[in-house]
Amino acid sequence: MINLFGQASDRLCQKLDAAATDGEDVEMESLFSRLTLDIIGKAVFNYDFDSLTNDAGIVEAVYTVLREAEDRSTAPIPFWEIPIWKDISPKQKKVSAALKLINDTLDNLIDRCKRMVDEEELQFGEGYMNEQDPSILHFLLASGDDVSSKQLRDDLMTLLIAGHETSAAVLTWTFYLLSKEPWVVSKLQDEVDSVLGDRFPTIEDMKKLKYATRVINESLRLYPQPPVLIRRSIEDDVLGQYPIKRGEDIFISVWNLHRSRSHWENADKFIPERWPLDGPNPNETNQNFSYLPFGGGPRKCVGDMFASYETVAALAMLVRRFDFQMAVGAPEVNMTTGATIHTTEGLKMTVTRRVKPPIMPTLETPALKLDSSAGVSENDPLVSQTGEVSSAHS
């Protein structure tokens, strides 16, 4: 999947390169949503939404259903179940049409993949992967799990909707935070230059991009996606001093937990260094459940590694090629909370091609010998006692 992340991110880079050439500001939140939709489409279904360059009906349908799911999750009454209203409301009719289009598309993809699995000669086992179609859907069907097409379609719908919106939100808030901390960006770019150079990331690179991973970790701490977890009690219990009845829903505010001064020093500040680079990834080792970007325990998100690698790969490829600043006159960035935390009016940024600093010659080269011909004296205050030229002089 890592190569897939790189290819999709490269298509976004091409779009940003065109914007930089034309001097146009870009709305990054919508671009991140399209990037992650393209990734989840290929990874899960082997389906190319191509949403970065194409405004096909299926793309609009996905966002129509997503926004409706957010509205329904906070609605005081189930208005969508009112018989007459759901038939006459223009919005509900649009939602129904969008849902039918997505269901039909997924059904067709499932049928196509089933035929491919039936025709292949590969035997399912450890290390199984179809080179022609390495998607999650193909893997599930090849495994022979006895699930109905409707159940499979509904599970895939969950992956499609939740699996791209959360990652898009992570990238959106990461770039918002980075726009305020240029020293973090500089440190991040140094690591990416060292690890990647000018090539696509590999699985081995994911282990070396430690600071980039910590940047994503810290972004998820300040802007967790989703900001609230819900658990349903399977039996009567007591939580602290509060009795919990069987079947009751518990809402856990990850937002408050991640910003609690009881757990975090400088809780509201963006500090990737709060996790040492030589330490374990906090996503994998949190024992006291103070950090829950993917939930915790046996119900932890099954897509945590996928999302982590996806966002780190995209982050690395973008900061390697571009510098990002908030656009002049851009609306103030405020939060709107639904299934995820997204911006109220988008994230409008100015993107410029990154100019990498030149590689300075060392003192061993003729250009910087400490004599009069080089124009640098040993008594120059910009030369240290070790004979090195200071960065200011460079």
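Procedures and definitions
Residues numbered from 1 in each chain as written. Predicted model: local features only at pLDDT ≥ 70, side-chain atom pairs only at ≥ 80, totals over all residues. Heavy atoms only, no water. Axes fitted to C-alpha atoms, helices over the stretch in contact; angles between N-to-C directions. Helix = DSSP H or I, 4+ residues; strand = E, 2+ residues; numbered from the N terminus. Left-handed = near helix turned anticlockwise from the far one by under 90°. Contact = heavy atoms within 4.5 Å. Nonpolar A, V, L, I, M, F, W, Y, C, P; charged D, E, K, R; others polar. Pairing = 2+ DSSP bridges. Parallel < 35°, antiparallel > 145°, perpendicular 65-115°, else oblique. UniProt positions renumbered as here; feature names shortened; annotations may be inferred. Phe/Tyr/Trp six-rings, centres within 6.5 Å; stacked < 30°, edge-to-face > 60°. Buried < 20%, exposed > 50% of the residue type's maximum accessible area, 1.4 Å probe, protein only. Lys NZ or Arg CZ within 6 Å of the ring centre and 35° of its normal.

### A few points about the packing of helix α5 (residues 90-119) against helix α7 (residues 149-178)
Then step 1. Packing of α5 against α7 brings their axes to within 10 Å, and their N-to-C directions diverge by 115°. When the axes of α5 and α7 are compared, the crossing they make is right-handed. Of α7, the residues touching α5 (which contributes Leu 99, Ile 102, Asn 103, Leu 106, Asp 107, Ile 110 and Lys 114) are Ser 149, Leu 152, Arg 153, Leu 156, Met 157 and Leu 160.
Then step 2. Per-class residue counts for the contact of α5 with α7 are eight nonpolar, two polar and three charged.

### Concerning the sheet that holds strand β6 (residues 322-326)
Then step 1. In spatial order, the strands read β1-β9-β6; together these three strands make up an open sheet with antiparallel pairing. Here the strands that pair on one side only, and so sit at the sheet edges, are β1 (26-27) and β6.
Then step 2. Against the sheet, helix α1 (residues 2-22) contacts β1, β6 and β9 (348-353), and its axis sits at roughly 85° relative to β9.

### Some thoughts on the packing of helix α2 (residues 28-45) against helix α13 (residues 304-321)
Then step 1. Where α2 meets α13, the axes come as close as 12 Å, and the angle between the chain directions of the two elements is 130°. The orientation of α2 relative to α13 falls into the category oblique. Our pair here, α2 against α13, has a crossing hand that is right-handed. Where α2 abuts α13, its residues Phe 32, Leu 35, Thr 36, Ile 39, Ile 40 and Ala 43 lie against Phe 306, Glu 310, Ala 314 and Leu 318.
Then step 2. Residues that form the contact of α2 with α13 fall into these classes: eight nonpolar, one polar and one charged.

### Thoughts on the UniProt feature "binding site: heme" (unreviewed entry) in the protein
Then step 1. According to UniProt, the feature "binding site: heme" (unreviewed entry) maps to Cys 301 in the numbering used here.
Then step 2. With respect to the helices and strands, Cys 301 occurs in the loop between α12 (282-285) and α13.

### Some details on the packing of aromatic side chains
Then step 1. Inspection of every chain in the model, using the stated rule, returns 12 aromatic pairs.
Then step 2. Between Trp 264 and Tyr 291, the aromatic rings sit 6.2 Å apart at their centres with planes inclined by 70°, giving edge-to-face as the arrangement. Here Trp 264 is found in the loop between α11 (254-258) and α12, whereas its partner Tyr 291 is found in the loop between α12 and α13, with 27 residues between them in sequence. Comparing Trp 264 with Tyr 291, the two get one shared label, buried.
Then step 3. Joined through ring pairs, the aromatic side chains of Phe 32, Phe 175, Phe 322 and Phe 324 make up one cluster.
Then step 4. The side chain of Arg 221 reaches across the aromatic face of Trp 264, ending 5.2 Å from its centre.

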